[in-house]
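Survey of secondary and tertiary structure
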Amino acid sequence: MATSKEPSPLLELRGVTVPGRGANRLEEVSLQLRAGERVALLGSSGAGKSTLLAVANGLLPPPAGAVLWQGAAPARSRRLRQRQRARIGTLWQDLRLIEELTVQQNLNAARLADWGWPKALANLLQPLETEANGAALREVDLDPALLPQPVTALSGGQRQRLAIARLLRQEPALLLADEPLAQLDPRLAVELLALLLRQVTGSRALLLSLHRPDLAGDFDRVLALRAGKLVLDTTPAELNPDLLRWLYDPDPDLDPAATRIGPP
Amino acid sequence: MTTTAWSWRPAAPLLPLLPALALLPLLLVLPGLIHGGGWELVAQFAAAAITPSLDPLLLRTALAGLGITVGIALLGWALSLALGLVGGVLSSRIVWRTWLGVAWPASAIRRFLAVPRSIHELLWGLLLLQLLGLKPAVAVLAIAIPYAALVARVVSDLLDALPTAPLQALRSGGAPAGAALLTALGPALLPGAFSYGGYRLECALRSATLLGVFGLGGLGTELRLSLQSLQFHELWTGLWLLLAVMLSLEALLRALRHRWGMPSRFKLTTAGVGRSGRELLLALLGLLPVLVLVAMALEISPAQLLAWQPLPPLQANWPAVLALPWAALVATTLGLTLLAACLAVGVAPLLLLLVAPWPWGRLLLRAVWAMGRLWPPPLTALLLLFVLKPGVITAALALAFHNLGVLGRLLLEACEDTADQPGSGGAEVALSCSGCGPRLALLYGRFSGLARSYLAYGAYRADVILRETVVVGLVGAAGLGSLLLEALSSFAVDELIALIAVYALLTLLGEDLSDRVRQRLLSG
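Residues numbered from 1 in each chain as written. Chains lettered and ligands numbered in written order. Predicted model: local features only at pLDDT ≥ 70, side-chain atom pairs only at ≥ 80, totals over all residues.

Time to look at the overall build of chain A. For chain A, the helix and strand inventory stands at eight helices and nine strands. In terms of overall dimensions, chain A is globule-like: its C-alpha atoms have a radius of gyration of 19 Å, near the 18 Å expected for 264 residues. In terms of overall dimensions, chain A has a C-alpha envelope of 60 × 45 × 40 Å along the principal axes. Going through the 264 residues of chain A one by one, you find that 42% of them count as buried. Long-range contacts, defined here as pairs at least 24 residues apart, represent 67% of the contacts in chain A between residues at least 6 apart. (Helix = DSSP H or I, 4+ residues; strand = E, 2+ residues; numbered from the N terminus. Rg over C-alpha atoms; globule rule 2.2 N^0.38 Å. Buried ≥ 20, exposed ≤ 12 C-beta atoms within 10 Å, placed from the backbone. Contact = placed C-beta atoms within 7 Å.)

See the structure below:
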């Protein structure tokens, strides 16, 4: 038996159940996400993808089951829990940029978990950490000259990139993305997906809920939810039209046993 | 390397907190204002809160007083709404333009309505008291006159801000002016107008209490007598009853606003269309018999308003009036307004940031702010006199506490709006999810979006405070208010006329300034 201890998964859900109807429901969901993994989460609208991500980032504490971040349950102490959550970055579908602030201030908002009040207040008075913010913008192919601009001056594509740059400024270990490519034109969707996948280095993992299965090809792993249940855990290569039809068809004939549940 | 210039221009989340800087000089001068005695009285007052008098006779008196106060508020409010709607339509530019093709009559009526608006309900009450004698109708009219002018202004603003395309479409289709106006603007006006009307009812209850404090009947009179005779247990009996009515009314109006999809106070400028016009109409019809019963119970009849008392002969001494220290009076009044407004506007978000994340923080804030709204400023001023010397700062504290109650509650409600809409809490949730503490998440995620509309409302509130400076005149706060109350009680009619004119002019200028600030904030 091997003695070397394997590092804890960045995210682990154990039998997570969220009772309810429709899109808010999860049933006995268990999964693990390890460093370096790029995982796509598929499922039709209302399958529970957003609920799963809300459980994963701590927004929705599950009534039953457990969520573990790097092997530890959410701390009881608020401060410790904040430290844990600072390691999880979420890319929201509506981006949730702070419209009244500049690009620079928005990027710095990602550092608030680490900053004390003096620095947080100073950020509202003067530009801080220009170097690091410029680098984050370059990382997402944006011009650092945008730093002093108000967020409202950006185009749709620039806003998407800024949201990713803000995520990078947070320096999270676990990246969660809730349908970030929905409502984007096909070319931009492909560009941004490549950008996001590029961020997953050795110590990071990505869980991205995806509306379009055709974009799942570059992921390492594909999970799928159906009516709140995790019904698929496989590789992109194993996705086939029958499987997808069963996944997205509300009344399928396909035998669920044909699918493979478990790590690839 | 990219370099960015230092700006030192505060970003949006800091703006609501900036007025709280007024606390710094205040904390420096406050120790000098504290006088020796009185702490024992304050302690007795606080202790009496948990042991109000339950004497049946007193309870009966307090309930009767409360009934009169609520009745006055309800009648004054209903009358002001009816008159205000008519006044609002008549002072709307779009109505005149559609009707006669010109807008100048709207501007003329607007200017005329600015006069009753600029005079505080307390002054109306005390003036009408001279004319009509002591009867509930005086308090009803005192509320109805300035409130009607305020409602008219808001209604005409709302009407003139509505999109004109539906109206033009109807007119080009041959619809007559009246029918086109009613169809195109009527339904769109209702949500904003009635939401504002609801807030006016809350204000009317506070005004009716205040008028009572100055002897115009109702619970306010009982409260003042109890305070002045240091009967704190009796005082708290009345206060708890009033608090119960005030909170019930606020909860009812909030529930109705939600049900009928009406905009909150901060969002009145962008009113949408409500959903349930029929229910609203039924509610208004149901209110009519209630109003008639209240009028009968208070023995109010239109005939009372025609029986005028003879006024004392006017003995004018204009040179003496001119010799008054006008510059100092105006400066003191403005200073009092500015200090009270800064404290009220700045301390509400500051306290929200500091206290809200505590386990019972929001409940505590609700309680403090309810007390602020409940407690009429002149009574707060009297209470403060137990420990502070009379003067501008004592008066400013009393005004600030009352307005803090109003602003704090609206701010807290705005912060508790659903997080699903863009800009209304999503950023706060996102920040919390990234490990940010609750205070910084509130500051960055909520205050950013609320800053402009909050400050715009604060500008309006400053305008209200300027009018209200008269009510704290009785603590010797100097300024126009004190002199006005003196002139009223000594029947110095010449001085009274001059003071009211200056007051009206000042409040009109203040209103204009606050309008400009608000427009700049909301459009910028």
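All names here are of chain A. Across the sheet, three strands lie side by side as β2-β1-β4; this open sheet has antiparallel pairing. Each edge of the open sheet is held by one strand with a lone partner, namely β2 (26-33) and β4 (64-69). Adjacent strand axes in the sheet meet at a mean angle of 10° when their direction is disregarded. Note: strand β1 (residues 11-18) against β4, five bridges, orientation antiparallel. Opposite glutamate 12, over in β4, you have leucine 68 as the bridge partner. Against the sheet, helix α1 (residues 49-56) touches β1, β2 and β4, its axis set at about 125° to β1. (Pairing = 2+ DSSP bridges. Axes fitted to C-alpha atoms, helices over the stretch in contact; angles between N-to-C directions.)

Okay, the interface of chain B and chain A next. Every contact between the two is made by 30 residues of chain B and, on the other side, 35 residues of chain A. Secondary-structure elements contributing two or more residues to the side of chain B that touches chain A are α18 (426-433) and α19 (438-468) of chain B. Residues that form the side of chain B that touches chain A fall into these classes: 18 nonpolar, 12 polar and no charged. (Nonpolar A, V, L, I, M, F, W, Y, C, P; charged D, E, K, R; others polar.)

Right, let's get into the domain arrangement of chain B. Size of an interface, as often reported, equals the accessible area lost when the parts are brought together. Residues and elements named next belong to chain B. Partitioning chain B into domains gives domain 1 (59-302) and domain 2 (314-523). Relative to domain 2, the C-alpha centre of domain 1 lies at a distance of 21 Å. On the domain 2 side, the residues contacting the 26 residues of domain 1 number 23 residues. Only α5 (104-118), α6 (121-132), α9 (177-213), α10 (219-228) and α11 (232-259) provide two or more residues apiece to the side of domain 1 that touches domain 2. Among the elements that make up the side of domain 1 that touches domain 2, the one with the highest residue count is α11 (five residues). For the side of domain 1 that touches domain 2, the class distribution of residues is 16 nonpolar, six polar and four charged. (Domains from an automatic or database assignment.)

The next subject is the pairing of strand β7 (residues 205-209) of chain A. Residue and element names in this part refer to chain A. For β7, the buried fraction is high: five of the five residues fall into the buried class. In β7, alternate side chains face the same way, and those of Ala205, Leu207 and Ser209 on one face and Leu206 and Leu208 on the other are all buried. Two elements, strand β3 (residues 38-42) and β7, share four bridges in a ladder whose sense is parallel. Residue pairing for β7: arginine 38 is matched across the bridge by leucine 206. As a crossover connection, the stretch from strand β6 (residues 174-178) through helix α7 (residues 186-198) into β7 is right-handed. (Right-handed = clockwise from strand over helix to strand, strands pointing away.)

It is worth spelling out the sheet that holds strand β8 (residues 221-226) of chain A at this point. All names here are of chain A. Spatially, six strands are ordered β5-β6-β7-β3-β8-β9 in an open sheet, and the strand pairing comes out mixed. In this open sheet, the two edge strands, each paired with only one partner strand, are β5 (88-91) and β9 (229-234). Adjacent strand axes in the sheet meet at a mean angle of 20° when their direction is disregarded. Contacting β3, β6, β7 and β8, α1 crosses the sheet at an angle of about 150° to β6.

Residue and element names in this part refer to chain B. Taken N-terminus to C-terminus, the directions of helix α3 (residues 56-90) and α11 make an angle of 40°; their axes are 10 Å apart at the nearest point. Here α3 is positioned oblique relative to α11, judged by the angle of their axes. α11 is crossed by α3, and the crossing has right-handed handedness. Two secondary-structure elements touch here, α3 through Leu58, Leu59, Ala62, Leu63, Gly65, Leu66 and Val70 and α11 through Glu234, Thr237, Gly238, Leu241, Leu242 and Val245. Its residues placed into classes, the contact of α3 with α11 shows nine nonpolar, three polar and one charged. (Parallel < 35°, antiparallel > 145°, perpendicular 65-115°, else oblique. Left-handed = near helix turned anticlockwise from the far one by under 90°.)

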